Amino acid sequence: MNIHEYQAKELLRQYGIPVPLGEVVYSVKAAARVAEEIGGQRWVVKAQIHAGGRGKAGGVKLANSMERLAELADQMIGSRLATEQTGPEGQRVQRVLVERAAKIDREIYLGFIVDRDSQRIVVIATAEGGVDVEEMAREHPERIHKEVVDPAIGLLDFQCRKIAMALGLQDRMSPFVRILKRFYRCFRDKDMLLAEINPLVETEDGDLLALDCKMVFDDNSLFRQGEIAELRDFDEEDPKEVEATGHGLNYIALDGQVGCIVNGAGLAMATMDAVVLHGARPANFLDVGGGASPEKVANAFRIVLKDPNVKAILVNIFAGINRCDWVATGVVQATRDQRIVVPIVVRLAGTNEVEGRRILSESGLDLITAEDLDEAAAKAVAALKAVEA
Ligand code: GDP
Ligand code: MN
């Protein structure tokens, strides 16, 4: 789960990490009031969406006057912002963060990730942070500094000092070490998968300040992170994914054309692989889970078909706890009730498969059936190619 920059900064503040003075607002009037309250001569207006790359896309702007501030807030609130990370249609800006602008001397990148290779939390830092950090990392990987944290003892002082030296922060050693250790505690406490402060700036006055922050939380820990779970903003998520969660379906939207309805996460992954192997791309990951009722299967069809890119559907069920007859009933119901016109390939195996196949064949519907995964994927891709031709 992602959260907004202003929410991440509030967490940093709670952990004693310095952040700029500011507040999130939903209207131009409130923007002016906040600027008034925080004072100073220069403010920054920042679009709050769950995507980075805002600076380059016009979602982060400086104002030297109250008039300009109001103008910027007016432009941003309600607009759509497309960045490198949103896709071309962009994301609607519902709120903006108004902050006192910082005078930046230099921009540092500081992050934590759960690294799959080392199976450890890893600190990542570079002295060349800012909006071009991804490009820099690609061209000059040697400028990225890493420290692997041992989970049994946590992040140690010497590791923090090593990072500080690598960043050229020997003069700001103790405030930096304090920030890094607090950031680590925050990361651990809140079950994050990723956290970035980019940029962490050294101001002209020599202070360190977290100017932007991104945090990603482990969905599997939200049950014990009630305060974090409440920060969830459904407007920022794919509505199909939100609806699927409500129906107890595990759905993730992708960019291909073959809609997949499968039971079990592993089989769903294998099904996606098989689709790619036969020359097409999956439109989604979808796990209907165990004991899927006909209604649940019909809901799965509805959600998959909300994606206009879906030109063929592949149903792949290996039923253990599931029942092929229930799934087949769901497929038939959905095809009739939803007047589905895209080709549907169904592979049923396991519990009650004979009954399941009978239901499909007696439905009189134009369903394509397959015996195994490979055949099913091949038929789905062929059906897709036929539609496209
Ligand atoms: P992102 O592009 O979505 O990562 O948004 P950021 O919040 O990181 O802002 C992008 C860039 O805008 C930063 O790297 C800074 O260079 C600049 N910026 C952001 N806040 C301020 C500020 O308070 N003062 C100044 N001078 N520049 C800022
Ligand atoms: Mn940033």
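Coordinates for the structure precede this section.
Residues numbered from 1 in each chain as written. Chains lettered and ligands numbered in written order. Predicted model: local features only at pLDDT ≥ 70, side-chain atom pairs only at ≥ 80, totals over all residues. Heavy atoms only, no water.

**Q** Before we go on, may I ask you to explain the site of ligand 1 in this structure?
**A** The environment of ligand 1 is formed by 18 residues, the closest being Lys-46, Arg-54, Gly-55, Ala-102 and Glu-107. Separating an oxygen atom of ligand 1 from a backbone N or O atom of Asn-198 is a distance of 3.2 Å. Relative to its unbound accessible surface of 570 Å², ligand 1 loses 85% to contact with the protein. Split into classes, the residues belonging to the shell around ligand 1 amount to nine nonpolar, four polar and five charged. Structurally, the shell around ligand 1 is a two-domain feature, drawing no fewer than three residues from each of domain 1 (1-20 + 103-237) and domain 2 (21-101). (Near = heavy atom within 4 Å. Polar contact = N/O pair within 3.5 Å; in protein donor to acceptor, adjacent residues only side chain to side chain. Areas by Shrake-Rupley, 256 points an atom, 1.4 Å probe, with all protein chains shown as cover. Nonpolar A, V, L, I, M, F, W, Y, C, P; charged D, E, K, R; others polar. Domains from an automatic or database assignment.)

**Q** Which parts of the structure should I look at to understand the packing of helix α2 (residues 28-38) against helix α3 (residues 66-76)?
**A** Two numbers describe how α2 lies on α3: the axes approach to 9 Å, and their chain directions differ by 140 degrees. The angle between α2 and α3 places the two elements in the oblique class. Crossing handedness for the pair α2 and α3: right-handed. Contact residues: Val-28, Ala-31, Ala-32, Ala-35 and Glu-36 in α2; Met-66, Leu-69, Ala-70, Ala-73 and Asp-74 in α3. When grouped by side-chain class, the residues that make up the contact of α2 with α3 number eight nonpolar, no polar and two charged. (Axes fitted to C-alpha atoms, helices over the stretch in contact; angles between N-to-C directions. Helix = DSSP H or I, 4+ residues; strand = E, 2+ residues; numbered from the N terminus. Parallel < 35°, antiparallel > 145°, perpendicular 65-115°, else oblique. Left-handed = near helix turned anticlockwise from the far one by under 90°. Contact = heavy atoms within 4.5 Å.)

**Q** What is the right way to read the packing of aromatic side chains from this model?
**A** The relative placement of two aromatic rings is captured by the distance of their centres and the angle of their planes. For the coordinates displayed, the defined rule picks out three aromatic pairs. Judged by centre distance (5.7 Å) and plane angle (50 degrees), the rings of Phe-112 and Tyr-184 are tilted. One end of the pair, Phe-112, is in strand β7 (residues 104-115); the other, Tyr-184, is in helix α6 (residues 173-189), and 72 residues separate them in sequence. You'll find Phe-112 and Tyr-184 in the same group, each marked buried. Both rings, one in Phe-112 and one in Phe-187, keep their centres 5.5 Å apart while their planes meet at 35 degrees; by these two values the pair is tilted. Of the two residues, Phe-112 is situated in strand β7 and Phe-187 in helix α6; the sequence distance between them amounts to 75 residues. Taken individually, Phe-112 and Phe-187 each receive the classification buried, so the pair is uniform in this respect. Cluster of aromatic residues (ring-pair linked, three or more members): Phe-112, Phe-183, Tyr-184 and Phe-187. (Phe/Tyr/Trp six-rings, centres within 6.5 Å; stacked < 30°, edge-to-face > 60°. Buried < 20%, exposed > 50% of the residue type's maximum accessible area, 1.4 Å probe, protein only.)

**Q** Hey, could you run me through a negative patch on the surface in this one?
**A** Taken together, Glu-84, Glu-134, Glu-135 and Glu-139 make up a surface patch of like negative charges. Considering the arrangement of structural elements, one finds Glu-134 in helix α4 (residues 133-139). (Patch = residues over 30% accessible without salt bridge, like charges linked within 9 Å, V, L, I, M, F, W, Y side chains within 5 Å. Salt bridge = Lys/Arg side-chain N within 4 Å of Asp/Glu carboxyl O. Lys, Arg positive; Asp, Glu negative; His and termini not counted. Charge placed at Lys NZ, Arg CZ, Asp CG, Glu CD.)

**Q** What is the right way to read the pairing of strand β16 (residues 312-319) from this model?
**A** Note on strand geometry: in a regular strand, side chains alternate between the two faces of the sheet. Among the eight residues that make up β16, seven are buried, leaving the element largely enclosed by the rest of the structure. Pairing analysis gives five bridges linking strand β14 (residues 258-262) to β16, with the strands arranged parallel. Within β16, the residue paired with Ile-261 across the bridge is Val-315. Summarising the sheet, β16 and strand β17 (residues 344-350) pair through seven bridges and their orientation is parallel. (Pairing = 2+ DSSP bridges.)

**Q** Would you take a moment to explain the coordination of the manganese ion (ligand 2) for this structure?
**A** Listed as protein donors to the manganese ion (ligand 2) are Asn-198 (O) and Asp-212 (OD); their distances from the metal cover 2.2 to 2.3 Å. Of this pair, Asn-198 sits in strand β10 (residues 192-203) while Asp-212 is found in the loop between β11 (208-210) and β12 (213-217), placing the two residues 14 residues apart along the sequence. On the basis of relative accessibility, which here comes to 14%, the residue Asn-198 falls in the buried class. (Donors = N, O, S within 2.8 Å, 3.2 Å for Na, K, Ca; no water.)

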